[in-house]
Amino acid sequence: MSLDLPLIWAVIIATAVLLYVLLDGFDLGVGILFPFARGPADRDVMMDTIAPVWDGNETWLVLGGGGLFAAFPLAYSAIMPALYIPVILMLLALILRGVAFEFRLRGRRRGKAFWTAAFAGGSLTAAIAQGFILGGFIQGITLDGVAFGGQPFDWLTPYTLLVSVGLVAGYALLGATWLILKTKDELHGDARRWAWIAGGATAALLTAVSLATLFVHPEVASRWGYTDGGFDLGRLIPHLPIPALGFIGLAILVIGLRRHSHAWPIIGAYAVFLSGYIGLAAGFFPNIVPYDMTFRQAASQDNALGLMLVGVGILLPVILGYTIWVYWLFRGKVTPDAGYH
């Protein structure tokens, strides 16, 4: 039996994007929370919590983007022109953030203050840009045949702005729950307070985005059973486990915060993100360029996909193994004398 190579590559790219969001999301969230820290000492600890892992987290973005280019070139050639501006903004922000991460450690008082602001600004800008990319993708990309046929600013709409704000809140929630897991004392207490605020904002904005998405494109509404101002229970019921997972995640988050758990809040936050991710996939799969190009139409030839799969089959376990090892090696609480930098 032959392998369904386009489907395998679609799963690989979707998994890489999910891992990027879950892993880089919390370290972007830590940067977003930087302005709310009590002072430089707390910011040093916050940065130390992500120092061993932040650059490795971005590996998944490279795999997702590179995999899309190699495995689904028609999709890449349609998506990138539609989202050039937010993608370039995101990359510039990530570069600024990486430079600021290194320079902040060596700057004197004024220099450190500048690079602290650059790190926070780069984190926030990257999150905003990713929100515009996600929103622009969900609302659909205008095609002329197999090429992008829309306008350069199609991605800038009230809907994409709502998605962007929601993603910033979600990343702040991931950052706060990560700090709950990794810190102690006053910073730990601050992180719990931030998690309550970010959790409430995330729940409200996720609900707003979910409802707004029903009106973004008729196909999305139809898949969720919403037609003519009402819901078709026959189509809606099979999708109910997806929002149920989100509600369970919020419940885990709230209970974990109330019981002063260190690990359960981030587990709950991850469940909320997973629910949103699956819900988005349910809205447009098997389209890889919503809503007019499927992953099979966009795929490279099977011989090329097979050759690349051999390389990924060797490298992916190495990347996963290294990632797991790093997180295990640097497990536990981070103190001001950690010195990871």
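Since this is a predicted model, take the numbers as computed values, not measurements.

Calculation rules
- Residues numbered from 1 in each chain as written.
- Predicted model: local features only at pLDDT ≥ 70, side-chain atom pairs only at ≥ 80, totals over all residues.
- Heavy atoms only, no water.
- Helix = DSSP H or I, 4+ residues; strand = E, 2+ residues; numbered from the N terminus.
- Polar contact = N/O pair within 3.5 Å; in protein donor to acceptor, adjacent residues only side chain to side chain.
- Contact = heavy atoms within 4.5 Å.
- Buried < 20%, exposed > 50% of the residue type's maximum accessible area, 1.4 Å probe, protein only.
- 1 Å grid on protein atoms, 1.4 Å probe; cavity = no way out; pocket = protein on both sides within 12 Å on 5 of 7 lines; lining within 4 Å.
- Points joined across faces, edges and corners; volume = space filled by probe spheres on them.
- Nonpolar A, V, L, I, M, F, W, Y, C, P; charged D, E, K, R; others polar.

Participant: Give me the lowdown on the side chain of Asp27, citing residues and values where you can.
Facilitator: Summarising the element assignment, Asp27 is placed in helix H1 (residues 5–33). At a separation of 2.6 Å, a polar atom in the side chain of Asp27 contacts the side chain of Arg97. With sequence-adjacent residues up to four places away left out, Asp27 is seen in contact with Ile50, Trp54, Asn57 and Arg97.

Participant: Explain the environment of Ala113 residue by residue, including any values.
Facilitator: Considering the arrangement of structural elements, one finds Ala113 in helix H7 (residues 109–139). Its relative accessible area of 47% is what places Ala113 among the partly exposed residues. Along the sequence, Ala113 and Ala75 sit 38 residues apart, while their C-alpha atoms lie 42 Å from each other.

Participant: For the layout of surface pockets, give the residues involved together with the corresponding values.
Facilitator: One number sums up the size of the second largest pocket: a volume of about 210 Å³. Around the second largest pocket, the lining residues are Ile32, Leu33, Phe36, Val165, Val168, Ala169, Ala172, Arg193, Trp194, Ile197, Ala198 and Ala201. Those elements giving two or more residues to the lining of the second largest pocket turn out to be H1, helix H8 (158–182) and helix H9 (185–213). At five residues, the largest contribution of residues to the lining of the second largest pocket is made by H9. In terms of residue class, the lining of the second largest pocket is made up of 11 nonpolar, no polar and one charged.

Participant: So what's going on with unusual backbone geometry? Residues and values would help.
Facilitator: Here Phe285 and Pro286 are connected by a cis peptide whose omega angle stands at 10°. Its place among the elements puts Pro286 in the loop between helix H13 (264–284) and strand E5 (287–289). Omega for the bond connecting Pro290 with Tyr291 falls within 30 degrees of zero, at 5°, which places this linkage in the cis form. Positive phi, normally seen in glycine, also occurs at Asp185, with a value near 60°. Along the polypeptide, Asp185 turns up in helix H9. Positive phi values are uncommon outside glycine, yet His260 reaches one of about 60°. Tracing the backbone shows His260 in the loop between helix H12 (241–258) and H13. Take His260: its relative accessible area is 54%, and that puts it in the exposed class.

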